[in-house]
Number of protein chains: 2
Amino acid sequence: MNALPILEPTMDGTCCSPSGTPALGAEEAKQKALVFKALADPNRLRLLSIVKAGESGEACVCDLTGPLDLGQPTISHHLKILVEAGLLHREKRGTWAYYSLVPGALEETAGLLATL
Amino acid sequence: MNALPILEPTMDGTCCSPSGTPALGAEEAKQKALVFKALADPNRLRLLSIVKAGESGEACVCDLTGPLDLGQPTISHHLKILVEAGLLHREKRGTWAYYSLVPGALEETAGLLATL
DNA sequence: CTCATATATTGATGATTATCAATATCAGGG
DNA sequence: CCCTGATATTGATAATCATCAATATATGAG
């Protein structure tokens, strides 16, 4: 029920994949796939993009329901997936929930491709 | 029925997304999501990894059915998806089909994250 | 041509997912 | 306390997807 530390150290025994990575193990692959799963939806990519493009670096749900042609519950659902993937950070201020990019998360995800 | 040139120039009117990208359009997001969809499966990540790790930089289907616990038709199916996403290249030599990484494809995909 | 082997395609099935409508929670104002 | 507005959760449904069994295609050997 809580966010998985997907982008945290792999914690499956081996630390940091010993440079000359031979091939991807089943468990490791499953972890990495989770992040790409979160990115595998056009609307979620647009959500990330809008959050990133914003002046303040953050956006509330109400800023996001407009551009995308989706209902509010669906937006909330997508945002939750992005948070659980470790890509977005959620901060509740008053009635509003503000979402912002987790610093370095996109770069780290790009790095996953280099270490395949 | 043929491979989509997903990683080719965007060809949706605007060329090269004018540096200060404001936000991701619906069409653009759909295209980018296709590549991440291809990466959003653990077994496909492992296939990419094995192909990449191979000495010769290529692998035939018979090299891939072993490590993954999947039937041959399923492997073929996953490979097709990776080819259509522009990540793998397929070359038929005799009875065998050799798959290799499309040069620069992974780097280009990593770049997609930077230009969200 | 016939056979054996490697790969691809088809069709079916169970699992996952995206979406919405309805409802719940939660904070602030009166 | 009650109301309003913002966001989250639940339950249902349609679509997509991963997998397999069966079959098809294609290539080289004899």
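Because the structure is a prediction, the values reported are computed rather than measured.

About the thresholds
Residues numbered from 1 in each chain as written. Chains lettered and ligands numbered in written order. Predicted model: local features only at pLDDT ≥ 70, side-chain atom pairs only at ≥ 80, totals over all residues. Heavy atoms only, no water. Salt bridge = Lys/Arg side-chain N within 4 Å of Asp/Glu carboxyl O. Helix = DSSP H or I, 4+ residues; strand = E, 2+ residues; numbered from the N terminus. Expected span 1.5 Å × (residues − 1). Buried < 20%, exposed > 50% of the residue type's maximum accessible area, 1.4 Å probe, protein only. Polar contact = N/O pair within 3.5 Å; in protein donor to acceptor, adjacent residues only side chain to side chain. Near = heavy atom within 4 Å. Nonpolar A, V, L, I, M, F, W, Y, C, P; charged D, E, K, R; others polar. Contact = heavy atoms within 4.5 Å. Disulfide = S-S within 2.5 Å. Phe/Tyr/Trp six-rings, centres within 6.5 Å; stacked < 30°, edge-to-face > 60°. Lys NZ or Arg CZ within 6 Å of the ring centre and 35° of its normal. Least-squares fit on C-alpha atoms with pLDDT ≥ 70 in both. Core = buried A, V, L, I, M, F, W, Y, C linked by side-chain atoms within 4.5 Å. pLDDT = per-residue confidence, 0-100.

Caption draft 1: Structural context of the pattern of salt bridges. With the rule as written, the count across this model stands at four salt bridges over all chains. Several salt bridges converge on common partners, so that one network encompasses A:Glu58, A:Glu91 and A:Arg93.

Caption draft 2: Here's a closer look at helix α2 (residues 42–53) of chain A. Residue and element names in this part refer to chain A. End to end, α2 covers 16 Å across twelve residues, agreeing with the expected 16 Å (1.5 Å per residue, within 8%). Of all twelve residues that make up α2, nine are buried, and the element is covered over most of its length. Those residues of α2 not exposed but buried are Pro-42, Arg-44, Leu-45, Arg-46, Leu-47, Leu-48, Ser-49, Ile-50 and Val-51. Two or three places before Asn-43, at the opening of α2, Asp-41 has a side-chain oxygen 2.8 Å from that residue's backbone nitrogen.

Caption draft 3: Representation of the protein's contact with DNA strand D. Neighbouring residues of DNA strand D: 23 residues in total, closest A:Gln72, A:Ser76, A:Arg90, A:Tyr99 and B:His78. In DNA strand D, atoms within 4 Å of the protein come 70% from sugar and phosphate. A:Arg90 is positioned such that a nitrogen or oxygen atom in its side chain is 2.6 Å from a phosphate oxygen of DNA strand D. Contact distances for DNA strand D include 3.1 Å between a phosphate oxygen and a backbone N or O atom of B:Gly71. Elements with a minimum of two residues in the surface near DNA strand D: α3 (61–64), α4 (72–84) and β3 (96–101) of chain A together with α2 (42–53) and α4 (72–84) of chain B. The residue inventory of the surface near DNA strand D, partitioned by class, reads nine nonpolar, nine polar and five charged.

Caption draft 4: Examining the environment of B:Ala29 more closely. Note on placement: B:Ala29 falls in helix α1 (residues 26–39). Spatially, the C-alpha atom of B:Ala29 lies 9.0 Å from that of B:Leu116, the residues being 87 residues apart in sequence. Look past the residues within four positions of B:Ala29 in its chain and what remains in contact with it is A:Pro42, A:Leu45, A:Arg46 and B:Leu24.

Caption draft 5: Examining the state of the cysteines more closely. Residue and element names in this part refer to chain A. All told, the structure shown has two disulfides over all chains when counted by the stated rule. Across a sulfur-sulfur distance of 2.4 Å, Cys-60 and Cys-62 are joined as a disulfide pair. Handedness of the Cys-60-Cys-62 disulfide follows from its S-S torsion of about -50 degrees: it is left-handed.

Caption draft 6: Region of interest: the packing of aromatic side chains. Across all of its chains, the model carries one aromatic pair over all chains by this definition. We note A:Arg93 situated over the ring of A:Tyr98; from NZ or CZ to the ring centre the distance is 4.1 Å.

Caption draft 7: The relation of the copies chain A and chain B, seen in detail. Under the fitted operation, chain A is carried onto chain B by 0.0 Å of movement along the axis and a turn of 180 degrees, and the coordinates agree to an RMSD of 0.1 Å. What the superposition gives is, in effect, a two-fold axis relating one chain to the other. Considering only C-alpha atoms, the residue of chain A closest to the rotation axis is A:Ala110, which sits at 2.2 Å. Here 100% of the interface residues in chain A have copies in chain B that are interface residues too; the copies meet face to matching face.

Caption draft 8: Representation of the nonpolar core within the structure. Formed by 62 residues in total, the largest nonpolar core has its most connected members in A:Phe36, A:Leu87, B:Phe36 and B:Leu87. For B:Leu87, the contacting residues outside a window of four places in its chain are B:Val35, B:Ala38, B:Leu39, B:Leu48, B:Leu82, B:Ser100, B:Leu101, B:Val102, B:Ala105, B:Leu106 and B:Thr109.

Caption draft 9: Structural detail: the confidence of the model for chain A. With 82% of its residues at a pLDDT of 70 or more, chain A shows a mean pLDDT of 87. Under a pLDDT of 50 for its full length, residues 1–14 of chain A has, in the predicted model, 18 contacts with residues more than four places off or in other chains.

Caption draft 10: Up close: the protein's contact with DNA strand C. Around DNA strand C, the surrounding shell holds 23 residues, and the nearest of these are A:His78, B:Gln72, B:Ser76, B:Arg90 and B:Tyr99. A breakdown of the atoms of DNA strand C within 4 Å of the protein gives sugar and phosphate a share of 70%. Between DNA strand C and B:Ser76, the relevant distance is 2.5 Å, taken from a phosphate oxygen to a side-chain nitrogen or oxygen of the residue. Taking B:Arg90, its side chain carries an N or O atom lying 2.5 Å from a phosphate oxygen of DNA strand C. Tallied by class, the residues present in the surface near DNA strand C amount to nine nonpolar, nine polar and five charged.

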